[in-house]
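Observations on the model geometry
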Amino acid sequence: MTEPSRLVVAITGASGAQYGIHALTALRAFPDVETHLVMTRSARAVITAETGLSPADVADLADVRYSDNDLGATIASGSFRTDGMLVAPCSIKTLSGIANCYDDSLVIRAADVMLKERRRLVLLVRETPLRARHLELMSALTREGAVIMPPVPAFYPRPESVEDIVAHTVGRALDLFGIETGIPRWTGRPDG
C-alpha cells in the first residue's frame, strides 16, 4: 500500500502571507496531495493585517493543521514521511532558527526534520535588504540541501495583478516538489 503524498506548508511572520495561502489554495486542486499546515503566532497577525482572511479561514484550506507549539506533532518526527516542506513566507527569525538547529517551535523542528531526512525544504525568504549574516545563513542552509527561493517576481508572463505575481512565484515553488500548476513558462526571446 502506498502512502499519500504529503506536503508541509508553514506560514511565518514575514510580510507575504499570501504566498502560503496561495500555495494551500493551489494544492486543493491536487486531491492526491495531503497538506499539513503550521502557522506561527506572528503569521496569524500578518494574515489578519495583510489579507481579508482570518487565521481560521487559512487553517481551513489545509487537510491537517498543527499548533506551532506542538513539538510532539507527527511532522516533528522523521518517521512520519512527507515529500517536503514549503515555508512561505520565511522570516529571518525562522531562517536563523533552522540554520542554527534551534528547534523551539514546530515550524523549525519540521524544517530540521526535512534536512536531516534529506527531504526537499523550500524557503521563500522575505527580507530586504540583506545583511552579511542573512546571506551566510542562507548559504549554510543551501549547503545542507535547502532551497532558498526569495519570492522575486518574474515579469515575462506580463502580470496584471499582485495575485498574478503571487501565483507565478508559488507555481515556481511547487515546481520544486514536482507539482505542475500550469503557470506561464519562458519560451525564449521573440527574436531568437
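These notes cover the structure that comes with them.

Analysis parameters
Residues numbered from 1 in each chain as written. Predicted model: local features only at pLDDT ≥ 70, side-chain atom pairs only at ≥ 80, totals over all residues. Heavy atoms only, no water. Pairing = 2+ DSSP bridges. Helix = DSSP H or I, 4+ residues; strand = E, 2+ residues; numbered from the N terminus. Contact = heavy atoms within 4.5 Å. Axes fitted to C-alpha atoms, helices over the stretch in contact; angles between N-to-C directions. Parallel < 35°, antiparallel > 145°, perpendicular 65-115°, else oblique. Nonpolar A, V, L, I, M, F, W, Y, C, P; charged D, E, K, R; others polar.

1. Remarks on the sheet that holds strand β4 (residues 84-90)
Pairing in this open sheet of six strands is parallel, and the strands run β3-β2-β1-β4-β5-β6 from one edge to the other. Pairing within the sheet leaves two strands with one partner each, and these edge strands are β3 (64-67) and β6 (147-148). Two elements, strand β1 (residues 5-11) and strand β2 (residues 33-39), share seven bridges in a ladder whose sense is parallel. Opposite Val9, over in β2, you have Leu37 as the bridge partner.

2. Topic: the side chain of Thr35
Tracing the sequence through the fold places Thr35 in strand β2. Contact partners of Thr35, with chain neighbours within four places excluded, come to Leu7, Leu24, Leu27, Leu61, Ala62, Asp63 and Val64.

3. A few points about the packing of helix α1 (residues 17-27) against helix α2 (residues 41-50)
Between α1 and α2, whose axes approach to 9 Å, the crossing angle comes to 90 degrees. Here α1 lies roughly perpendicular to α2, going by the angle between them. Two secondary-structure elements touch here, α1 through Ala17, Gln18 and Ile21 and α2 through Val46, Ile47 and Glu50. Its residues assigned to classes, the contact of α1 with α2 comprises four nonpolar, one polar and one charged.

4. Examining the environment of Asp57
With respect to the helices, strands and loops of the structure, Asp57 is situated in helix α3 (residues 55-59). Remark: the alpha-carbon pair of Asp57 and Ile21, spanning 36 residues in sequence, is separated by 9.7 Å.

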